[in-house]
Amino acid sequence: MDRILKWLEWPIHILMWAGLLAGALMMVHVSADVAGRTIFNSPLIGTNEIVSGYYMVAVAYLPWAWIAKNDDHISVELFTMKVPEHIMIWLEMVLKVTTVAYVCVFVWQTFIRAVEQMHRGEALEVGGSYMALWPSRYVLPLAGALMIIYLVVRVIRDFGRAIDKNSEAGEV
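Residues numbered from 1 in each chain as written. Predicted model: local features only at pLDDT ≥ 70, side-chain atom pairs only at ≥ 80, totals over all residues. Heavy atoms only, no water.

Enquirer: Honestly, the packing of aromatic side chains in this entry has me stumped. Any pointers?
Expert: To describe a pair of aromatic rings, one takes the distance between the centres and the angle between the planes. Following the criterion strictly, the structure yields six aromatic pairs and no others. Judged by centre distance (6.4 Å) and plane angle (85°), the ring pair of Trp134 and Tyr138 falls under edge-to-face. With relative accessibility at 27%, the residue Trp134 sits in the partly exposed group. Overall, the relative accessible area of 24% leaves Tyr138 in the partly exposed class. Among the aromatic residues, those joined into a ring-pair cluster are Tyr61, Trp64 and Phe106. (Phe/Tyr/Trp six-rings, centres within 6.5 Å; stacked < 30°, edge-to-face > 60°. Buried < 20%, exposed > 50% of the residue type's maximum accessible area, 1.4 Å probe, protein only.)

Enquirer: Just to check I follow, could you spell out unusual backbone geometry for this structure?
Expert: Across residues other than glycine, the phi torsion is negative in most instances, and most of the peptide bonds are trans. Unlike most non-glycine residues, Asn41 shows phi in positive territory, near 55°. On the secondary structure map, Asn41 appears in the loop between α1 (2-39) and α2 (47-61). (Helix = DSSP H or I, 4+ residues; strand = E, 2+ residues; numbered from the N terminus.)

Enquirer: Even after reading the chapter, I still don't get α2, so can you show me in this structure?
Expert: Each α-helix turn comprises 3.6 residues. Residues three or four places apart therefore point the same way. Across its 15 residues, α2 extends 20 Å between first and last C-alpha, which sits within 8% of the 21 Å expected from 1.5 Å per residue. At Tyr55, α2 shows its largest kink, close to 35°. Among all positions in α2, only Thr47, Val51, Gly53, Tyr55, Val57 and Ala58 are buried. Summarising the contacts, the buried residues of α2 are in contact with α1 and α5 (139-168). (Expected span 1.5 Å × (residues − 1). Bend = angle between axes of the 7 residues up to and from the residue. Contact = heavy atoms within 4.5 Å.)

Enquirer: Looking at this model, I keep getting lost on the layout of surface pockets. Mind explaining?
Expert: The gaps left among the atoms become clear once a water-sized probe is rolled over them. Considered as a void within the structure, the largest pocket measures approximately 510 Å³ in volume. Lining the largest pocket are 15 residues, and of these Asp71, His73, Ser75, Glu92 and Leu95 lie nearest its centre. A total of six residues in the lining of the largest pocket trace back to one element, the largest contributor, which is helix α4 (residues 85-120). Partitioning the lining of the largest pocket into residue classes produces seven nonpolar, four polar and four charged. (1 Å grid on protein atoms, 1.4 Å probe; cavity = no way out; pocket = protein on both sides within 12 Å on 5 of 7 lines; lining within 4 Å. Points joined across faces, edges and corners; volume = space filled by probe spheres on them. Nonpolar A, V, L, I, M, F, W, Y, C, P; charged D, E, K, R; others polar.)

Enquirer: For this particular structure, what's the right way to read the packing of α2 against α5?
Expert: To describe two helices that pack against each other, one gives the angle between their axes and the distance between the axes. Put simply, α2 and α5 touch, their axes get as near as 10 Å, and they point 10° apart. Taken together, the axis directions place α2 and α5 in an arrangement best described as roughly parallel. For the pair α2 and α5, contact is made by Val57, Ala58 and Tyr61 and by Val139, Leu140 and Ala143, respectively. When the residues that make up the contact of α2 with α5 are grouped by side-chain class, the tally is six nonpolar, no polar and no charged. (Axes fitted to C-alpha atoms, helices over the stretch in contact; angles between N-to-C directions. Parallel < 35°, antiparallel > 145°, perpendicular 65-115°, else oblique.)

This is how it looks when you write it as structure tokens:
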């Protein structure tokens, strides 16, 4: 399992860097738009549409697997800080399985929606022309699917380790 997790680090890091790049491009694009509007009285056409349709989607969703890999999800440890380690291991696995179930539904629904929007040719009117928006719809199921794969492998690995710990302690 550790080998699979190591192999998954490449796509996880690629999506994370793509999200960071989208954030940097968004800042440059918005800054250029503001500068164009205030200095030259000529804003860039389609900035709002590109920012909301592409950049923000990438920034918000592409890092999901990286967040899961680093256990950086929002957590409240008020109720679990006194829980023994062997129970915490099982509790974290339950939380990961719950997350997988939720994200599976999310991926399924967003993939269906992405396919529908692709067939409709979803586009936004931008400056008298049209900009295809449907490609950005595939970011959500892609990012979610990678997160699911990573968490499933982690649960399998953690389950094996928990069983080993319990058998070493004579708790089977």
